[in-house]
Amino acid sequence: MRLPKIKVKNSGVVKCQFFNDFPDGNLVIAEGRRNIPFPIKRVYFINHLFNKKAHRGWHAHKKLEQIIFCVNGHFRLTLDDGRTKQTINFDNPYYGLRLGPRLWHTMTRFSPDCVILVLASDYYRASDYIRDYGEFKKFIRRQ
Ligand code: T46
């Protein structure tokens, strides 16, 4: 299934190059500065999402650009640019979603087999996170 039309700011759908190598599987490709709109400095993944009540995210970034993929299973991603909120049932491994700066995001309802892959434009910096929703609202008002 395709991802829905994205209504929030600082997001959007990224389509990967895809090879159907049936019966030997699929090959999906993401390349920095090509279909990924920035040079990739960091890659991380999240798995072992067996806890039904797990929730992740609940923050925004000040500058970081990321593309998030659900490479297996499914989860619910909520994006909030401070004006518009959109919830996406993310279950398609062939499309990525841009998690740009100033976008509050939450991740819930993970299937136990869910694997999330993230490509990031920069190294980890705790100072780039806004983890308080009130602070986030103040931050976007100042922009
Ligand atoms: C994001 C969403 C999609 C590091 O030390 N280095 C890293 O590169 C990362 C990603 C995390 N950490 C530490 C920081 C925390 O002490 O790992 C711990 C858990 O991170 P966090 O609670 O931020 O995890 P999530 O899943 O809520 O958020 C992560 C990314 O941190 C975040 O940038 O956008 O995935």
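Because the structure is a prediction, the values reported are computed rather than measured.

Asker: Honestly, the site of the ligand in this entry has me stumped. Any pointers?
Answerer: Taken together, 14 residues sit near the ligand, with Arg42, Arg56, Gly57, His61 and Tyr129 positioned nearest. Interatomic distance of 3.3 Å between a side-chain N/O atom of Tyr44 and an oxygen atom of the ligand. Contacts to the ligand include Arg131, whose side-chain N or O atom sits 2.8 Å from an oxygen atom. Taken by itself the ligand offers 650 Å² of open surface, and the protein chains cover 68% of this.

Asker: Where do I start with the pairing of strand β5 (residues 56-61) in this structure?
Answerer: Within a regular strand, the side chains alternate between the two sheet faces. Relative to strand β10 (residues 104-108), β5 runs antiparallel, the two sharing three bridges. By the bridge assignment for β10, His59 is matched with His105. Sheet analysis places β5 next to strand β12 (residues 129-130), joined by two bridges and oriented antiparallel. Bridging from a neighbouring strand, His61 pairs with Tyr129 of β12.

Asker: What's the story with the pattern of salt bridges in this structure? I'm lost.
Answerer: Oppositely charged side chains may form a pair once their charged atoms are brought near each other. One pass over the full model with this rule turns up five salt bridges. Here Asp122 makes a salt bridge to Lys41, at a shortest N to O gap of 3.5 Å. Of this pair, Asp122 sits in the loop between β11 (115-120) and β12 while Lys41 sits in the loop between β3 (26-29) and β4 (42-46), placing them 81 residues apart in sequence. Measuring nitrogen to oxygen at the nearest pair gives 2.6 Å for the salt bridge that ties Arg98 to Glu65. Separated by 33 residues along the polypeptide, Arg98 in strand β9 (residues 95-99) and Glu65 in the loop between β5 and β6 (66-72) bring together distant segments of the chain. The exposure class of Arg98 is partly exposed, given its relative accessible area of 22%. Residues joined by salt bridges that share partners form a network here, namely Lys41, Asp122 and Arg125.

Asker: I would appreciate a short explanation of the side chain of Asp81 in the present structure.
Answerer: Along the polypeptide, Asp81 turns up in the loop between β7 (75-80) and β8 (85-90). In this structure Asp81 is buried but unpaired, with Lys9 as the nearest side chain of opposite charge at 5.4 Å. Within the local environment of Asp81, its side chain forms a polar contact with the backbone nitrogen of Thr84, the two atoms lying 2.7 Å apart. Setting aside residues no more than four positions away along its own chain, Asp81 makes contact with Val8, Lys9, Arg102, Leu103, Phe136 and Ile140.

Asker: Looking at this structure, I do not really get the sheet that holds β6. What am I missing?
Answerer: The strands that make up a sheet pair up through hydrogen bonds in the backbone, lying either parallel or antiparallel. Strand order in the open sheet formed by five strands is β1-β9-β6-β11-β4, and the pairing between neighbours is antiparallel. The outermost strands of the open sheet, each flanked by one partner alone, are β1 (13-15) and β4. Between one strand axis and the next, the sheet turns by 30° as a mean value, whatever way the strands run. Bridging between β6 and β11 involves six bridges; their strand directions are antiparallel. Residue pairing across strands places Asn72 opposite Val115, the latter belonging to β11.

Here is what the cut-offs are and how they apply
Every chain begins its residue count from 1, and numbering advances along the sequence as written. The predicted origin of the model limits local features to residues at a pLDDT of at least 70 and limits the giving and counting of side-chain atom pairs to 80 or more, whereas totals for whole chains, interfaces and linings rest on all residues. Side-chain numbers come from the whole structure's heavy atoms, not from hydrogens or water. For this purpose, a residue is taken to be near a molecule or strand whenever a single non-hydrogen atom of the residue falls within 4 Å of it. Two N or O atoms count as a polar contact when they lie within 3.5 Å, although within protein this holds only if one can serve as hydrogen donor and the other as acceptor, and sequence-adjacent residues are included solely when both atoms are side-chain atoms. Exposure was quantified through the Shrake-Rupley algorithm and a 1.4 Å probe, taking into account, for residues, occlusion by the shown protein chains and nothing else. Two strands qualify as a pair provided that DSSP identifies no fewer than 2 bridges between them. Only DSSP runs of H or I reaching four residues or more are called helices, and only runs of E reaching two or more are called strands; each is numbered from the N terminus. A pairing counts as a salt bridge when a side-chain nitrogen of Lys or Arg comes within 4 Å of a carboxyl oxygen of Asp or Glu. For every residue, the accessible area obtained with a 1.4 Å probe (protein chains only) is divided by the maximum for its type, and the residue is called buried under 20%, exposed over 50%, and partly exposed between those limits. In this tally, Lys and Arg are treated as positive and Asp and Glu as negative; His is ignored, and so are the chain termini. Should any heavy atoms of two residues lie within 4.5 Å, those residues are counted as being in contact. Lines fitted to the C-alpha atoms define the axes, with helices restricted to the stretch that makes contact. Angles between their N-to-C directions range from 0 to 180 degrees.

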